[in-house]
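# Understanding the architecture of this molecule
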Amino acid sequence: MSEFDVAKYPGLYQRGGVWCVRKVVPVDLRHIEKRRQVRLSLKTSDRREAAERYHLKMAEIAEGFKKLRADLRAQGTIKTALQTGRLELLGRAEVEKLVLEWWGGREGLRKPEVDEFTDPRELVTSIQEEAAHQAEQMRERGDIAVRMADQLLVGAGVAAYPRRVGTMRTASLDPAVDRNTEQYRYLCELVGRALRQESILASDHLLARQDAVQDRLFNPTGVRRGAAEARTVRDLIAEYRKEREALRGKESTARKYGLLFRVMEEVWGADMPVQSIGRQQCIEVLSFLQRLPPNAMKRFPRLTLTQAIARGEAKGLGGLASNTVGSYMQGLTAILRWAENGDWGVKVNTRGLVATRKPEVKRRHFNPDELRKLFAALETFRTTDPAKYWVPALAVFTGARAGEICQLRTEDIVDVEGVKCLHISEFDARGERVADKRLKTAASERFVPLHSALIDAGFLTFAEGQDPRGRLFPDLKRTTKTNYSHDFSKWFGRFMEGLGMDGRDLVFHSFRHGFRQACRDDKVSEETSRALGGWAAVSQASRYGDRGAVPVLASAIQQLTFWGFRLPTSSRLPPARKRARPSR
């Protein structure tokens, strides 16, 4: 069959001599389209005609799938989730709407009629006994709420199958949904809450009283609780955000807590009373975070986080890294501790929910061969884009962090008792704070003498060509992360990948690891190495931030050999590019 290769036409087959096509129904449509495959006849036994008609029929099938999806979208999220059995598509507000529709059909149970021969008090006693029995069952197994939630789903249109007891099929139906989703658990929780309210409201109706406590969903006109009890998750987030922004700024608060706030509102519901927050609610947040795809808000800006999880799982994106989840759970714990210390009526045991954060990758330093390979490749940037060469070079021979180097100003290269140094500080030469400079810790402020390898390679010549009142690397721009190193670090990672150094154990911070190791290998004392690298001060290291310690630091740094690695000397380089200095 030289001119007609069936392998080139997937889904093409013959039946009774007639050519046909078939296509498997996508997973997301199988609850609607009951067939596993859609089959269409091409109405010809001729191979050539079959080939000509193949693409038209396959397009017809694809168009049918497209129409089914459009019909689902037109029905709204709730009906789509019910028809497909994918409760994970629903947000908490939509789960609440579903339960409220079920609740509306049960009004007769909340307002029972009593004839003149029945004592209402006896009926109330019966209702209360049944409610106590249900409450005990829900505490032990949650059976009542689960069974009612399943009936709710089947009645709302979810596909169902007969429940089995051993080898026997029963008349009861189980909905075809994933019971492990947060949405299903929340549905059962709401149904249990509704059942509890139902018995109380029925008793109030029979005794002509109104003792039932207010419930946002099931009894909004009930007896109001105290001020502390009435406050919601929305209130908690607003107050915590306001205080933290005042202390740490809006950008820092948004970066650290923005996603967590959204998760809290989506998982718990913005109107949930704060006093309802318990350990189980924290576990729900933990489970939600573990399934949330990385960068969900950027990847899926128009979706809810719940929908982003479903989309991410369909694409096989995986969830957040365990350390990232741990960081958010630490943030949640901080919020709850803050609420506990205030008048919020919250006390939650989060022990065990925030696992000790362990590194997923063991970082290492560059070895000499890797350094030579890297700087041979960086050589081209010396004159064309000098920051890309000198920032890594400074990192090797000073141990400074990327952020500390990228924010340097030309005036930060200082002479202390004849020793050329980097002055890593948030202050300028006049002692005034520089607005766009940040240091990680107080110990980070220090003088770092320049290693002879940097001077021999022409670093001072490069620096002399920069604006003496400007930044040392003016081509590096600040980003929304409020630092100059963010984009540079991203570029450096891509550059490393291009060189085949794509292991997760080597990153820009590996230069800092290398500096620390060089200090150990060349017998520099712990106090001195801490002072050079700006690590937390211990013992006499706290004195080394002063100019008077520079001679000691200079002697120590010059004895570092870096395993024989050196940069090419300035004699092998073209003249440094001179920048025009602005007129005064």
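Scoring rules and cut-offs
- Residues numbered from 1 in each chain as written.
- Predicted model: local features only at pLDDT ≥ 70, side-chain atom pairs only at ≥ 80, totals over all residues.
- Heavy atoms only, no water.
- Helix = DSSP H or I, 4+ residues; strand = E, 2+ residues; numbered from the N terminus.
- Buried < 20%, exposed > 50% of the residue type's maximum accessible area, 1.4 Å probe, protein only.
- Contact = heavy atoms within 4.5 Å.
- Areas by Shrake-Rupley, 256 points an atom, 1.4 Å probe, with all protein chains shown as cover.
- Pairing = 2+ DSSP bridges.
- Axes fitted to C-alpha atoms, helices over the stretch in contact; angles between N-to-C directions.
- Expected span 1.5 Å × (residues − 1).
- Core = buried A, V, L, I, M, F, W, Y, C linked by side-chain atoms within 4.5 Å.
- Parallel < 35°, antiparallel > 145°, perpendicular 65-115°, else oblique.
- Left-handed = near helix turned anticlockwise from the far one by under 90°.
- Nonpolar A, V, L, I, M, F, W, Y, C, P; charged D, E, K, R; others polar.
- pLDDT = per-residue confidence, 0-100.
- Salt bridge = Lys/Arg side-chain N within 4 Å of Asp/Glu carboxyl O.
- Arc of directions from axis to C-beta.

In this section: the overall build of the protein chain. Each helix and strand counted, the protein chain has 24 helices and eight strands in total. Expressed as a percentage of the 584 residues in the protein chain, the buried residues total 45%. Looking at the protein chain alone, contacts between residues at least 24 apart form 66% of all its contacts between residues at least 6 apart. Element-wise, carbon and sulfur atoms account for 50% of the exposed surface of the protein chain, whose accessible area totals about 31,300 Å².

In this section: the sheet that holds strand 8 (residues 446-449). Spatially, three strands are ordered 6-7-8 in an open sheet, and the strand pairing comes out antiparallel. Only two strands of the sheet have a single neighbouring strand rather than two, namely strand 6 (413-416) and strand 8. Each adjacent strand pair in this sheet contributes to an overall mean axis angle of 45 degrees, direction not counted. One ladder, built from four bridges, connects strand 6 with strand 7 (residues 419-424); its direction is antiparallel. The residue bridging Val414 from the neighbouring strand is Cys421, located in strand 7.

Moving on to the sheet that holds strand 2 (residues 18-24). Here we have three strands laid out as an open sheet, ordered 1-2-3, and antiparallel in their pairing. The sheet is open, and its two edges are formed by strand 1 (12-15) and strand 3 (37-41), each paired on a single side. Averaged over neighbouring strand pairs, the angle between their axes works out to 35 degrees when direction is ignored. As paired elements, strand 1 and strand 2 share four bridges and run antiparallel to each other. Residue pairing across strands places Arg15 opposite Val18, the latter belonging to strand 2.

So, on to helix 11 (residues 279-291). With 13 residues, helix 11 should reach 18 Å at 1.5 Å per residue; the first-to-last C-alpha distance of 19 Å fits that figure. All of the buried residues in helix 11 are Gln281, Cys282, Glu284, Val285, Leu286, Phe288 and Leu289.

Within the largest apolar cluster, 60 residues are counted, with the highest numbers of intra-cluster contacts made by Leu374, Phe375, Trp390, Phe459, Phe473, Phe511 and Leu567. Considering each element in turn, this core owes the most residues, nine residues, to helix 17 (residues 387-398). Those residues in contact with Leu567 that sit more than four places away from it in its chain are Phe375, Tyr389, Trp390, Ala393, Phe397, Ala453, Leu454 and Ala457. Counting 39 residues, the second-largest nonpolar core is a separate cluster that includes Tyr240, Val263, Ala308 and Leu320.

Let us now look at the packing of helix 3 (residues 92-104) against helix 7 (residues 182-207). Where helix 3 contacts helix 7, the two axes come as close as 10 Å, and the packing angle between them is 40 degrees. By the angle class used here, helix 3 and helix 7 are oblique. Read as a crossing pair, helix 3 and helix 7 show a hand that is right-handed. Together, Arg92, Val95, Glu96, Leu98, Val99, Trp102 and Trp103 of helix 3 and Gln183, Tyr186, Leu187, Leu190, Val191, Ala194, Leu195, Gln197, Glu198 and Leu201 of helix 7 make up the contact between the two elements. Of the residues belonging to the contact of helix 3 with helix 7, the class tally is twelve nonpolar, two polar and three charged.

Turning to the confidence of the model for the protein chain, a few remarks are in order. Here the protein chain averages 83 in pLDDT, while 85% of its residues score no lower than 70. Across the protein chain, element-level confidence peaks in helix 17 with a mean pLDDT of 96 and bottoms out in helix 8 (residues 227-230) with 57. Residue range residues 538-544 is modelled with pLDDT below 50. Its contacts to residues more than four positions away, or to other chains, number 15 contacts. Here residues 571-584 is modelled with pLDDT under 50, and outside its nearest four sequence neighbours on either side it reaches 23 contacts, counting other chains as well.

In this section: the packing of helix 11 against helix 14 (residues 322-341). Interhelical geometry of helix 11 versus helix 14 gives an angle of 155 degrees and a closest axis separation of 10 Å. What the angle tells us is that helix 11 and helix 14 run roughly antiparallel. The chirality of how helix 11 crosses helix 14 is right-handed. Contact residues: helix 11 offers Cys282, Val285, Leu286, Leu289 and Gln290, while helix 14 offers Val325, Tyr328, Met329, Leu332 and Leu336. Residue composition of the contact of helix 11 with helix 14, grouped by class: nine nonpolar, one polar and no charged.

This part takes up the environment of Leu187. Among the secondary structure elements, Leu187 is positioned in helix 7. With 41 residues separating them in the primary sequence, Leu187 and Val146 have C-alpha atoms 8.7 Å apart. When sequence neighbours within four positions are dropped, the list of residues in contact with Leu187 reads Val95, Leu98, Val99, Ala149, Leu152 and Leu153.

A few words now on the pattern of salt bridges. Taken as a whole and judged by the stated rule, the model has 29 salt bridges. One salt bridge connects Asp174 with Arg179, and the closest N-O pair in it is separated by 3.5 Å. Owing to a relative accessible area of 10%, Asp174 belongs among the buried residues under this scheme. The salt bridge involving Glu182 is made with Arg185; its shortest N-O contact spans 4.0 Å. With a gap of three residues between them, Glu182 and Arg185 both fall in helix 7, about one helical turn apart. Under the relative-accessibility criterion, Glu182 is labelled buried at 7%. A relative accessible area of 29% means that Arg185 is categorised as partly exposed. Connected through salt bridges with shared partners, the residues Glu182, Arg185, Arg291 and Glu313 form a single ionic network.

The first and last C-alpha atoms of helix 21 (residues 486-498) sit 19 Å apart over 13 residues, in line with the 18 Å expected at 1.5 Å per residue. If you check which residues of helix 21 are buried, you get Phe488, Trp491, Phe492, Phe495 and Met496. Down the axis of helix 21, the buried side of the element spans an arc of 140 degrees, and every buried residue falls inside it. With respect to the buried face of helix 21, the exposed residues turned more than 90 degrees away are Arg494 and Glu497.

Further remarks concern the side chain of His423. Here His423 shows up in strand 7. Not counting the four nearest positions on each side in its chain, His423 is found in contact with Leu408, Asp412, Val414, Glu445, Arg446 and Phe447.

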